[in-house]
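The chain contents come next:
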Amino acid sequence: MRIVITGGAGFLGSHLCDRLLSLGNEVICLDNLSTGSVDNIAHLLGREDFRFYKHDVTEYIYIGQSIDAVMHFASPASPRDYLELPIQTLKVGALGTHKTIGLAKHAKARFLMASTSETYGDPLVNPQPETYWGNVNPIGLRGVYDEAKRFAEALIMAYHRYHGVDTRIARIFNTYGPRMRPHDGRVVSNFIVQALRGEPLTIYGAGDQTRSFCYVEDEIEGLVKLLMAPESEEIHLPVNIGNPHELTVLEIAEKVIELSGSTSRITFEPLPEDDPKVRRPDISRAMQLLNWTPNIKLEEGLSRTIDYFRSKLQVH
Ligand code: UDP
C-alpha cells in the first residue's frame, strides 16, 4: 500500500512510518514540525519507499499519485503543547481532518484518524467503553484538544455515512516509549527525565488520579491492525487502543524511581484544570475486532524508555 501519514515525524507517527515500511508499504510523511522532529525520521530519509514533505495539513494537500490509505496523526498531543498551541490544535483537528479526509475521499483511500481518550473528558464511568459519550468541558483549557478530536470524529462519521469513505477511528490512550521528547511535558517523560537528572519528580495534585499506559510498540501494533482490518459495519465505529493496566500517578512516580535507581524525591504541585481523575480503556472491542491485546508489561516498557532517555540525555 502507499500510505500518507500526517504527523509522521512525531512520536507515534514516526513509529508508524517504521512499522508500515517494515511491512513492505510505501510511506509519504507530512509534518509541519511544530511538535514533531526530523530526528525521528532521519534514518528513513533517502529510502526509495519513503518521502517526507514539510507541510501544514490545515492547508490544501496535493499528492500527485494514487494513495491507498491516509492516517491522520498530526496534532499537538501533550497537554503542555496543546495549551501552548490552542488555535493550531483546533485547526489541525478540524481543518486538518477536513483536508486529510477530503484527500482520502478523492483518492478512494482508507482513512484512519488518531482520536483520543480525551473524547471521554473527565470520565464518570471507569473503565471507558466506546459507547460512553464522555464528560468534556468545551470551554475549559483542555477543550481545544478534546473538542477538536470530537469534531474530527463527527466529521469522519459524516464522510463515512454520506460519502461512503472507508474510515476508522482509533481512540488512543496514554502511550509512552522512545522518541518522546525530554520536554514533552507528559507524565512518563517528565518523571524519567527528572529521575535521571536527580531532580524531584513533580506530581500534580495528590497523585491519586489514575492513568493506564501502553508501550508504543503495542500501540502501533493495534493501530496497524485497525488500519488493515477488513471492512465491516463495526470497524467504522471508534475503537479504544490502550493498555487497561491502571495505576495512580503516585505509583508511576514510585515505579520510575525504582526502575531507574534514582535518588530523586517527590514534590507536589497544583493539579491542572480539568485534569481527568481516572482513565482506563475497556478494550473488549479491540480484542474482538482486531484480536489485539497489549503484551508489554509496564516494568519492561519503562525500562526500555529509561534506557532511551539515558542515552538521549547522556546521563547514567
Ligand atoms: N502529571 C504529573 N506530573 C507531571 C506531568 C503530569 O503529576 O510532571 C499528571 C497529570 O496531572 C495527569 C497525569 O499525570 O494527571 C497524566 O498527565 P499527562 O500530561 O501525561 O497526560 P494526560 O493523561 O493528562 O493527557
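Residues numbered from 1 in each chain as written. Predicted model: local features only at pLDDT ≥ 70, side-chain atom pairs only at ≥ 80, totals over all residues. Heavy atoms only, no water.

**Comments concerning the site of the ligand**
Now for step 1: Around the ligand, the structure places 18 residues, and the nearest of them are Thr202, Tyr204, Arg211, Asp275 and Arg279.
Now for step 2: At 2.6 Å from an oxygen atom of the ligand is found a side-chain nitrogen or oxygen belonging to Arg211.
Now for step 3: Surface burial for the ligand is 96%, taken as the share of its 520 Å² of free accessible area covered by protein chains.
Now for step 4: Those elements that provide at least two residues to the shell around the ligand are α5 (187-197) and β8 (201-204).
Now for step 5: In terms of residue class, the shell around the ligand is made up of 7 nonpolar, 5 polar and 6 charged. (Near = heavy atom within 4 Å. Polar contact = N/O pair within 3.5 Å; in protein donor to acceptor, adjacent residues only side chain to side chain. Areas by Shrake-Rupley, 256 points an atom, 1.4 Å probe, with all protein chains shown as cover. Helix = DSSP H or I, 4+ residues; strand = E, 2+ residues; numbered from the N terminus. Nonpolar A, V, L, I, M, F, W, Y, C, P; charged D, E, K, R; others polar.)

**Looking at the packing of helix α1 (residues 11-22) against helix α6 (residues 216-228)**
Now for step 1: Two elements in contact, α1 and α6, have axes separated by 10 Å at closest approach and are oriented at 65°. Remark: the crossing between α1 and α6 carries right-handed chirality. Touching Phe11, Leu12, His15, Leu16, Arg19 and Leu20 of α1 are Val216, Glu219, Ile220, Glu221, Leu223, Val224, Leu227 and Met228, all from α6.
Now for step 2: Grouping the amino acids of the contact of α1 with α6 by side-chain chemistry returns 10 nonpolar, 1 polar and 3 charged. (Axes fitted to C-alpha atoms, helices over the stretch in contact; angles between N-to-C directions. Left-handed = near helix turned anticlockwise from the far one by under 90°. Contact = heavy atoms within 4.5 Å.)

**So, the environment of Glu299**
Now for step 1: By secondary structure assignment, the location of Glu299 is in helix α9 (residues 298-313).
Now for step 2: Since its relative accessible area comes to 32%, Glu299 is described here as partly exposed.
Now for step 3: Taking the C-alpha atoms as reference points, Glu299 and Val256, separated by 43 residues in sequence, lie 8.9 Å from one another.
Now for step 4: In this structure the side chain of Glu299 is engaged in a polar contact, spanning 3.1 Å, whose partner is the side chain of Lys255. (Buried < 20%, exposed > 50% of the residue type's maximum accessible area, 1.4 Å probe, protein only.)

**Examining the side chain of Asn25**
Now for step 1: Turning to its location among the elements, Asn25 is positioned in the loop between α1 and β2 (26-31).
Now for step 2: Judged by its relative accessible area of 7%, Asn25 is buried.
Now for step 3: A polar contact is formed between the side chain of Asn25 and the backbone oxygen of Leu20, at a distance of 2.9 Å.
Now for step 4: If sequence neighbours within four positions are ignored, Asn25 has contacts with Met1, Ile3, Leu20, Asp49 and Met228.

**What about unusual backbone geometry?**
For residues besides glycine, phi is generally negative; the peptide bonds are generally trans as well.
Now for step 1: With an omega dihedral of -5°, the bond running from Asn126 to Pro127 counts as a cis peptide bond.
Now for step 2: Position of Pro127 among the secondary structure elements: in the loop between β5 (110-116) and α4 (143-163).
Now for step 3: For Leu33, which is not a glycine, the phi torsion comes out positive at approximately 60°.
Now for step 4: Take Leu33: it is sitting in the loop between β2 and β3 (50-54).

**Quick notes on the pattern of salt bridges**
Now for step 1: Enumeration over the complete set of coordinates arrives at 22 salt bridges.
Now for step 2: Here Glu118 and Arg142 are joined by a salt bridge, their closest N and O atoms 2.6 Å apart. Of the two residues, Glu118 sits in the loop between β5 and α4 while Arg142 sits in the loop between β5 and α4, which places them 24 residues apart along the sequence.
Now for step 3: With relative accessibility at 5%, the residue Glu118 sits in the buried group.
Now for step 4: Residue classification places Arg142 among the buried positions, given a relative accessible area of 8%.
Now for step 5: Across the pair Arg280 and Glu246 runs a salt bridge whose closest N-O atoms are separated by 4.0 Å. Of this pair, Arg280 sits in the loop between β13 (266-269) and α8 (284-290) while Glu246 sits in strand β12 (residues 246-248), and the two are 34 residues apart along the sequence.
Now for step 6: The class for Arg280 is partly exposed, based on a relative accessible area of 31%. (Salt bridge = Lys/Arg side-chain N within 4 Å of Asp/Glu carboxyl O.)

**Thoughts on the layout of surface pockets**
Now for step 1: Taken as a whole, the second largest pocket holds about 300 Å³ of empty space.
Now for step 2: Looking at the second largest pocket, it is lined by 16 residues, and the ones nearest its centre are Glu130, Trp133, Glu153, Arg171 and Pro238.
Now for step 3: With 5 residues, the single largest contributor to the lining of the second largest pocket is α4.
Now for step 4: Residue classes in the lining of the second largest pocket are distributed as 7 nonpolar, 3 polar and 6 charged. (1 Å grid on protein atoms, 1.4 Å probe; cavity = no way out; pocket = protein on both sides within 12 Å on 5 of 7 lines; lining within 4 Å. Points joined across faces, edges and corners; volume = space filled by probe spheres on them.)

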